[in-house]
Amino acid sequence: MGIRQTQSKPTVTLMFSDQRTLTCSLNHLIKCKNGFQRASTITPGTRLYDNITCVKNVFNLDKTVLYDVVQSYDHCYNTNGIVSHNCSFVGSSNTLIESHILNNIPYNNPIDERNGIRYFKRPKNDHNYVITVDVSRGRGLDYSAFSVIDITMMPYEVVCTFKNNKVSANIEYPLIINKIGRLYNEALVLVENNDLGESVGSSLWYDCEYENLVWTHNEKIAGHGVIGVKTTRKVKNTGCQALKELIDSHQLLINDYRIIQELSVFVRQKKGLYGAQDTSINDDLIATMWLFGWLTQQTYFIDLTNTNTNQELGQRFKTQIDDYLPFGSVSDGTEMYDRSYYEPLSDDQLELLQ
């Protein structure tokens, strides 16, 4: 644990029913009855815990020097008896996403949360969705997780997430995926089929009769083969690189703070693959993200969305570059012989061009 000075920011002072106060940045996360909330959203009447409520909030728009507590275990710490969450991430040169990008990824509170499922956007009738699924053994160790991504247009957007380490992979998990898949317009489901993932895919197909599943053959989407995709070295590397490009170019809206938290410890390991460096923070939601990254590189996805992600990113990058260029005429090089067009050249310089 450590303390570091951050950049100057506007603040809000919160006053509570037990006479405690806290001054912090507007985006500072404070633990309330219904989960962590940004300080700017805590209003008189908001309940923290043990019958403690906010009675007043005072905003100060003048920028103030603030300090942040660096806590690598669970990013939580106690401030004047109030549980806060470390909003900043300390990345390294080995993280998939650089720290300055991590610290500027926007996130949102879920509009609803129940049974491990966080909803950030309700399904829209005319939108297309993908669910990428990571499977664990459900024994209190690693987590089963999935992410629902709106692929209707770029930027893509995470609209729902699930993360739970108690759910049964063989029985409960396929039923949850089936329910959410049908809720989000019969979303296309991609299951990581290593280990128990194979049984999850089979249960979705045979027991739940869920038809919109990704099948692969030789690590490519096909109409036959196996349900889902095995996470080989090639598949993971492809997915991680695609995920990085999407995030770096701001073409993936993440929404869930937990994904950003996992990205902060997702580093390149000795064998060249990425994984969680901090054992207290796993990378199960990140697995759903790089699975989506792998999916965007498949011809099937391009045909499904009418979007070649790489070409789209390239075009958007070109447009951004064009925005930096000064206005003016386009030259093909022949005008330099015309003194009226190229005024800065002297007579001696013009002679050199002959």
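The structure under discussion appears in the preceding block.
Residues numbered from 1 in each chain as written. Predicted model: local features only at pLDDT ≥ 70, side-chain atom pairs only at ≥ 80, totals over all residues. Heavy atoms only, no water.

Caption draft 1: How the structure looks around helix 2 (residues 172-183). Along its 12 residues, helix 2 runs 17 Å from first to last C-alpha, staying within 8% of the 16 Å computed at 1.5 Å per residue. Tyr173, Pro174, Ile177, Asn178, Ile180 and Gly181 are the residues of helix 2 that are buried. If you follow the buried residues of helix 2, they end up packed against strand 11 (117-119), strand 12 (129-134), strand 13 (144-150), strand 14 (156-164), strand 15 (188-191) and helix 3 (197-207). Backbone geometry just downstream of helix 2 places asparagine 185 in the positive-phi region, at approximately 60°. (Helix = DSSP H or I, 4+ residues; strand = E, 2+ residues; numbered from the N terminus. Expected span 1.5 Å × (residues − 1). Buried < 20%, exposed > 50% of the residue type's maximum accessible area, 1.4 Å probe, protein only. Contact = heavy atoms within 4.5 Å.)

Caption draft 2: Representation of the pattern of salt bridges within the structure. Applying the stated criterion across every chain, the model contains 9 salt bridges. Among the ionic pairs, aspartate 248 bridges to lysine 244, the shortest N-O distance being 3.1 Å. Of this pair, aspartate 248 and lysine 244 are both found in helix 4 (residues 233-248), 4 residues apart, which corresponds to roughly one turn of the helix. Here the salt bridges do not stand alone but share partners, grouping Glu113, Arg118, Asp256 and Arg258 into one network. (Salt bridge = Lys/Arg side-chain N within 4 Å of Asp/Glu carboxyl O.)

Caption draft 3: Representation of the sheet that holds strand 4 (residues 29-32) in the model. What the 4 strands build is an open sheet, ordered 5-4-9-8; its pairing is antiparallel. Looking at the sheet topology across the chains shown, the edges are occupied by strand 5 (35-38) and strand 8 (76-79). Taking each pair of neighbouring strands and ignoring which way they run, the sheet shows an average axis angle of 40°. Of the strand pairs in this sheet, strand 4 and strand 9 (residues 82-85) are connected by 2 bridges, and their pairing is antiparallel. Paired with leucine 29 across the two strands is histidine 85, which belongs to strand 9. (Pairing = 2+ DSSP bridges. Axes fitted to C-alpha atoms, helices over the stretch in contact; angles between N-to-C directions.)

Caption draft 4: Expanded view of the side chain of threonine 305. Within the fold, threonine 305 resides in helix 7 (residues 299-305). The exposure class assigned to threonine 305 is buried, which follows from its relative accessible area of 13%. A polar contact of 2.9 Å, which involves the side chain of threonine 305, links it to the backbone oxygen of phenylalanine 301. (Polar contact = N/O pair within 3.5 Å; in protein donor to acceptor, adjacent residues only side chain to side chain.)

Nothing here speaks to function; it is all geometry.
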